[in-house]
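Topology and contacts: notes
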Amino acid sequence: EDKVVQSPLSLVVHEGDTVTLNCSYEVTNFRSLLWYKQEKKAPTFLFMLTSSGIEKKSGRLSSILDKKELFSILNITATQTGDSAVYLCAVASGTYKYIFGTGTRLKVLA
Amino acid sequence: GAGVSQSPSNKVTEKGKDVELRCDPISGHTALYWYRQSLGQGLEFLIYFQGNSAPDKSGLPSDRFSAERTGGSVSTLTIQRTQQEDSAVYLCASSLGVLGGPREQYFGPGTRLTVT
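Here we summarise the structure given alongside this text. Fair warning: this is a prediction, and the values are worked out from it, not measured in the lab.

A separate point is the layout of surface pockets. Empty space within the largest pocket amounts to approximately 440 Å³. Gln 38 and Arg 105 of chain A together with Gln 37, Leu 39 and Gly 40 of chain B are the residues nearest the centre of the largest pocket, which is lined by 21 residues in total. Listed by contribution, the elements that provide at least two residues to the lining of the largest pocket are β9 (85-93) of chain A together with β8 (88-95) and β10 (111-115) of chain B. The class makeup of the residues in the lining of the largest pocket is 7 nonpolar, 9 polar and 5 charged.

Following this line, the structure appears as structure tokens:
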């Protein structure tokens, strides 16, 4: 059965800290891996990764995929209170299916 | 441009009643998904529409759940004879067509359904 596992489940840090969120997967017919930020209800798209070893970067956020070891990490540097959210990892399988992990809840304290 | 919209934002209903949830996707997005998110859980796939093709209903948890998409745009998710375990946030997402592989999804704000 396809599965996506995220760790840690939750994390509390102080502003300025750097965090690393993990996503491992076992999915048939892997196409891509996506990261979303969910603050209230609607997840917002962060990154889509299809190739191993190529880092995607947006401001203080970056992500990389390892297709050999079947995992991805999301790094957030110099965290701010506005980074507090649930971070979701999803794997696109086949033509259109997405399998989501349960998310990592990040809380950044001032 | 306008994003994905959903209505209502919150719905409280009594057990046994029927509910209808609405999703208006981004204009031009041919793919539309419904997901359910229970408290502290990931997103559970419910149903997928792509253009005029037959939908993938494999994620619908029971025959009390149904969905339609009219004219390739607006979609409604109907839950008949609601049960307390149906309480969750129902999220709709749309994306450009899947030609060439999956694309990033854009999510609506969700409908929080509470069955009392």
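Between chain A and chain B, the contact holds 19 residues from the first and 27 residues from the second. Taking both partners together, chain A and chain B bury about 1,900 Å²; carbon and sulfur atoms supply 59% of that area. At the junction of chain A with chain B, the criterion picks out 1 salt bridge. Two residues, Asp 56 of chain B and Lys 97 of chain A, come together in a salt bridge whose shortest N-O distance is 3.6 Å. For the side of chain A that touches chain B, the elements supplying multiple residues, two or more each, are β4 (30-38), β5 (43-49), β9 and β10 (97-100) of chain A. It is β4 of chain A that provides the largest number of residues to the side of chain A that touches chain B, a total of 4 residues. Residues of the side of chain A that touches chain B, tallied by class, amount to 11 nonpolar, 5 polar and 3 charged.

This brings us to the state of the cysteines. All names here are of chain A. According to the stated counting rule, one finds 2 disulfides over all chains in the structure shown. With its sulfur 1.9 Å from that of its partner, Cys 23 forms a disulfide with Cys 89. Residues Cys 23 and Cys 89 are joined by a disulfide whose S-S torsion is about -70°; by sign, that bridge is left-handed. You can see Cys 23 sitting in strand β3 (residues 19-26) and its partner Cys 89 sitting in strand β9, a full 66 residues away along the chain. Using a relative accessible area of 1% as the deciding quantity, one classes Cys 23 as buried.

How each quantity is defined
- Residues numbered from 1 in each chain as written.
- Chains lettered and ligands numbered in written order.
- Predicted model: local features only at pLDDT ≥ 70, side-chain atom pairs only at ≥ 80, totals over all residues.
- Heavy atoms only, no water.
- 1 Å grid on protein atoms, 1.4 Å probe; cavity = no way out; pocket = protein on both sides within 12 Å on 5 of 7 lines; lining within 4 Å.
- Points joined across faces, edges and corners; volume = space filled by probe spheres on them.
- Helix = DSSP H or I, 4+ residues; strand = E, 2+ residues; numbered from the N terminus.
- Nonpolar A, V, L, I, M, F, W, Y, C, P; charged D, E, K, R; others polar.
- Contact = heavy atoms within 4.5 Å.
- Buried area = accessible area lost by both parts, 1.4 Å probe.
- Salt bridge = Lys/Arg side-chain N within 4 Å of Asp/Glu carboxyl O.
- Disulfide = S-S within 2.5 Å.
- Buried < 20%, exposed > 50% of the residue type's maximum accessible area, 1.4 Å probe, protein only.

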